[in-house]
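These are the residues of each chain, in order.
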Amino acid sequence: DTEVTQTPKHLVMGMTNKKSLKCEQHMGHRAMYWYKQKAKKPPELMFVYSYEKLSINESVPSRFSPECPNSSLLNLHLHALQPEDSALYLCASRKGGEETQYFGPGTRLLVL
Amino acid sequence: SQQGEEDPQALSIQEGENATMNCSYKTSINNLQWYRQNSGRGLVHLILIRSNEREKHSGRLRVTLDTSKKSSSLLITASRAADTASYFCARGGDMRFGAGTRLTVKP
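Attention in this report is confined to the structure presented alongside it. (Residues numbered from 1 in each chain as written. Chains lettered and ligands numbered in written order. Predicted model: local features only at pLDDT ≥ 70, side-chain atom pairs only at ≥ 80, totals over all residues. Heavy atoms only, no water.)

Remarks on the interface of chain B and chain A
Condition: Contacts between residues were defined by any pair of non-hydrogen atoms, one from each residue, lying within 4.5 Å. Buried area is calculated as the accessible area (1.4 Å probe) missing from two parts once they are joined, with the contributions of both summed. A carboxyl oxygen of Asp or Glu within 4 Å of a side-chain nitrogen of Lys or Arg is what we treat as a salt bridge. Within 3.5 Å is the distance limit for a polar contact, defined as a pair of N or O atoms, with the added protein rule that one can donate a hydrogen and the other accept it, and that residues adjacent in sequence qualify only through two side-chain atoms. Strands here mean DSSP runs of E at least two residues long; helices mean DSSP runs of H or I at least four residues long; both are numbered from the N terminus.
Contact residues are listed per partner, giving 23 residues for chain B and 18 residues for chain A. Here chain B packs against chain A, burying approximately 1,500 Å² in sum over the two surfaces, 54% of which is carbon and sulfur. Summed over the shared surface of chain B and chain A, the number is 1 salt bridge. A salt bridge links Glu58(A) to Arg96(B), with the shortest nitrogen-to-oxygen separation between them at 3.1 Å. At the surface where chain B touches chain A, the tally comes to 4 residue pairs in polar contact (both at pLDDT 80 or more). At the level of secondary structure, the elements contributing two or more residues to the side of chain B that touches chain A comprise strand E4 (31-37), strand E5 (43-50) and strand E10 (96-97) of chain B.

A word on the sheet that holds strand E8 (residues 73-79) of chain A
Residue and element names in this part refer to chain A. For clarity, the cut-off: Two strands are said to pair when DSSP picks up at least two bridges between them. For helices, the fitted line uses only the C-alpha atoms of the stretch in contact; every axis is such a line through C-alpha atoms, and the angle between N-to-C directions lies from 0 to 180 degrees.
Taken in spatial order, the 4 strands make up an open sheet running E1-E3-E8-E7, and their pairing is antiparallel. Both outer strands of the open sheet, strand E1 (4-7) and strand E7 (64-70), are each paired with one neighbouring strand and no more. The mean inter-strand angle of the sheet, taken between neighbouring strand axes irrespective of direction, is 20°. Taken together, the 7 bridges between strand E3 (residues 18-25) and E8 define a ladder with antiparallel strand orientation. Within E8, the position partnered with Ser 20 by the bridge is His 77.

Focus: the pattern of salt bridges
Heads up, the rule is: The classification of residues rests on relative accessible area computed with a 1.4 Å probe and restricted to protein chains. Under 20% of the type maximum is buried, over 50% is exposed, and intermediate values are partly exposed.
Taken as a whole and judged by the stated rule, the model has 8 salt bridges over all chains. Notably, a salt bridge pairs Glu24(A) with Lys22(A), separated by 3.7 Å at the nearest N-O pair. Given a relative accessible area of 24%, Glu24(A) falls into the partly exposed group. Salt-bridge contacts for Asp83(B) lead to Arg60(B); the nearest nitrogen and oxygen are separated by 2.9 Å. Of this pair, Asp83(B) sits in the loop between strand E8 (71-76) and strand E9 (85-91) while Arg60(B) sits in the loop between strand E6 (55-58) and strand E7 (61-66), placing them 23 residues apart in sequence. For Asp83(B), a relative accessible area of 8% puts it in the buried group.

Things to note about the sheet that holds E8(B)
Note: strands within a sheet are paired through backbone hydrogen bonds, in either parallel or antiparallel orientation. All names here are of chain B. Sheet architecture is open: 5 strands sit in the order E1-E3-E8-E7-E6, paired in antiparallel fashion. Where the open sheet ends on each side, the last strands, each with one partner, are strand E1 (5-7) and E6. Averaged over all adjacent pairs, the angle separating strand axes in this sheet is 15°, with direction ignored. Across 4 bridges, E6 lies against E7 in antiparallel orientation. Across the sheet, His 57 pairs through a bridge with Arg 62, a residue of E7.

Quick notes on the packing of aromatic side chains
The criterion, for reference: A pair of Phe, Tyr and Trp rings is counted when the ring centres sit within 6.5 Å of each other, with Trp represented by its six-membered ring. The angle between the planes then sorts it: under 30 degrees is stacked, over 60 is edge-to-face, the rest tilted.
Counted under the stated rule, the structure contains 8 aromatic pairs over all chains. Taken together, a centroid distance of 5.4 Å and an interplanar angle of 40° make the contact between Tyr35(A) and Phe103(A) tilted. On the criterion of sequence distance, the pair formed by Tyr35(A) in strand E4 (residues 31-37) and Phe103(A) in strand E10 (residues 101-103) is long-range, its members being 68 residues apart. Across the pair, exposure class does not vary: Tyr35(A) and Phe103(A) are buried alike. Taking the centre distance of 5.7 Å and the plane angle of 80° together, the rings of Phe103(A) and Tyr35(B) count as edge-to-face. Of this pair, Phe103(A) sits in strand E10 while Tyr35(B) is found in strand E4, placing the two residues in two different chains. Note on Phe103(A): relative accessible area 11%, which makes it buried. The rings of Tyr33(A), Tyr35(A), Phe103(A), Tyr35(B), Phe88(B) and Phe97(B) are connected pair by pair, giving a single aromatic cluster.

See the structure below:
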């Protein structure tokens, strides 16, 4: 299995909702990433997990809460989001000792 | 962008022509990576060039790196309509992406 999967593909939520994005990989990669990408902009790094521990938080608002329950799974819990949080959320993983990141197809989020 | 700039921002060419995209970065790197993104989808890794390399090839792709100018270029030869996508450079390590070049290849 050489892919990163993300669910759901699309998500519409209100500003009072709580939802979660899920990312999964079975390549044995021990580094996992969340990115946010606005239209016609590059991906922006949000969080990095290394060996299931949060190693980088790029000053992301607390309404985004990451979780890494095990080495294959990465979640992003969403609560009280704002319309400006609407974007494509990308997950990626990387094998230890290598630089290449493998990206999932993304979750397109719309906050109403 | 988080790290540097890419130019051009958009490029439109005919099938069979070559496409060149440039990337500049601001701080020193261990490596520079190029990724492709089809419309609204995930990114696909194309090629990685290390700071001690000057040129690298992969199929129809040629990447150069000039660390003295803090710049890199991606050349796609004999372009195809399927090459239509956005292309991003990213600094290895902290994965800061450039602004990207939107390439359109007309059949």
